[in-house]
Amino acid sequence: IINMKPNYLKPRKLVGENRYFSIFYDFLEDHNCNPIEDYIVIQPKIKTKDGVYAVAVLPIRNGQVGLLSIFRHPLEEKSWEVPGGFIEDGESDQFSALRELREESGFLCEPKNLHDLGIVSTSPSTIAAKAHLFIATSCKPSADGRTPELGHDRFQWFSKQDINIMIAEGKIQEVCTLIALYRAENFFN
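A brief structural summary.

Each value, and the rule that gives it
Residues numbered from 1 in each chain as written. Predicted model: local features only at pLDDT ≥ 70, side-chain atom pairs only at ≥ 80, totals over all residues. Heavy atoms only, no water. 1 Å grid on protein atoms, 1.4 Å probe; cavity = no way out; pocket = protein on both sides within 12 Å on 5 of 7 lines; lining within 4 Å. Points joined across faces, edges and corners; volume = space filled by probe spheres on them. Nonpolar A, V, L, I, M, F, W, Y, C, P; charged D, E, K, R; others polar. Buried < 20%, exposed > 50% of the residue type's maximum accessible area, 1.4 Å probe, protein only. Helix = DSSP H or I, 4+ residues; strand = E, 2+ residues; numbered from the N terminus. Pairing = 2+ DSSP bridges. Patch = residues over 30% accessible without salt bridge, like charges linked within 9 Å, V, L, I, M, F, W, Y side chains within 5 Å. Areas by Shrake-Rupley, 256 points an atom, 1.4 Å probe, with all protein chains shown as cover. Salt bridge = Lys/Arg side-chain N within 4 Å of Asp/Glu carboxyl O. Phe/Tyr/Trp six-rings, centres within 6.5 Å; stacked < 30°, edge-to-face > 60°.

Further remarks concern empty space enclosed by the protein. All chains considered together, the criterion is met by one cavity of 30 Å³ or more. Considering only enclosed or pocket space, the largest cavity measures out at about 50 Å³ in volume. Taken together, Arg 19, Tyr 20, Phe 21, Pro 44, Lys 45, Ile 46, Tyr 53, Phe 86 and Ile 87 make up the lining of the largest cavity. Partitioning the lining of the largest cavity into residue classes produces seven nonpolar, no polar and two charged.

As structure tokens, this is what we get:
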């Protein structure tokens with residue numbers, strides 16, 4: 001059996017950072033001693049002991065799914081996605097999910113109606129952390145409404161049939177959204 005884990009040749013080099021991430025270039029060597037220069041690793045500055053740096057929460061109400069229309073600058077296109085975002089310092093995954101749901105959709109969910117859909121690796125080749133997925137049922141409108149962020153457009157409710165069409169047409173592509181929709185299948189009935 002070949003050991004597929006690369007060997008580090010020298011310390012990683014910090015090449016950029018912002019409030020949420022440190023970006024490194026790693027110099028690696030594969031199992032055949034071939035050098036791999038400038039392998040990009042994005043390290044979240046805040047993550048839980050389980051390696052979770054972000055949450056995504058799929059709201060379901062009256063048999064419909066709530067999604068956000070978001071313009072994604074790196075892709076230069078819009079997509080429909082579940083509310084979600086980064087865990088803030090000292091927050092639990094569940095608290096972050098409820099906060100992001102309120103901020104991005106304008107809907108509230110009681111903790112007892114927040115259901116765990118598991119943890120996923122969103123981009124394990126590059127991002128050194130994971131996202132925790134949830135589903136929120138029995139959501140109610142918040143008196144404060146939404147707090148839209150950069151690129152956020154409207155929040156809208158969709159039927160299961162609408163969701164299937166949107167997936168087929170490529171209007172839903174974001175990985176946490178697709179996995180949450182798949183894992184939440186039993187909540188549609």
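On to the pairing of strand β10 (residues 130–137), then. In terms of burial, β10 is largely enclosed, as seven of its eight residues are buried. Pairing between strand β4 (residues 52–61) and β10: eight bridges, direction parallel. If you follow Ala 56 over to β10, its bridge partner there is Leu 133. Pairing geometry for strand β9 (residues 114–120) and β10, over six bridges, is antiparallel. When the bridges of β10 are listed, Asp 116 appears paired with Phe 134.

If you add up the space inside the largest pocket, you get close to 1,200 Å³. Looking at the largest pocket, it is lined by 37 residues, and the ones nearest its centre are Tyr 53, Arg 72, Glu 81, Phe 86 and Glu 174. In terms of residue class, the lining of the largest pocket is built from 18 nonpolar, eight polar and eleven charged.

Here we come to a nonpolar patch on the surface. On the surface, a nonpolar cluster with roughly 200 Å² of combined accessible area is contributed by Val 15, Ile 23 and Ile 40. For Val 15, the location among the structural elements is in strand β1 (residues 7–17).

Further remarks concern the packing of aromatic side chains. Inspection of every chain in the model, using the stated rule, returns eight aromatic pairs. Note on Phe 21 and Tyr 53: the rings are 6.0 Å apart at their centroids and 65° apart in plane angle, and the pair reads as edge-to-face. Pair noted here: Phe 21 is in strand β2 (residues 21–29) and Tyr 53 is in strand β4, with a separation of 32 residues, a long-range link. Note on Phe 21: relative accessible area 16%, which makes it buried. Classification of Tyr 53 as buried rests on a relative accessible area of 9%. Ring geometry for Phe 155 versus Trp 157: centroids 5.3 Å apart, planes at 85°, classification edge-to-face.

Now for the pairing of strand β6 (residues 77–81). Remark: a regular strand shows side chains that alternate across the two faces of the sheet. As judged from the five bridges shared by strand β5 (residues 64–72) and β6, these two strands associate in the antiparallel manner. Within β6, the residue paired with Phe 71 across the bridge is Lys 78. Count of turn residues in the β5/β6 antiparallel hairpin: four residues, of which Glu 76 carries a positive phi of about 55°.

Nothing here speaks to function; it is all geometry.
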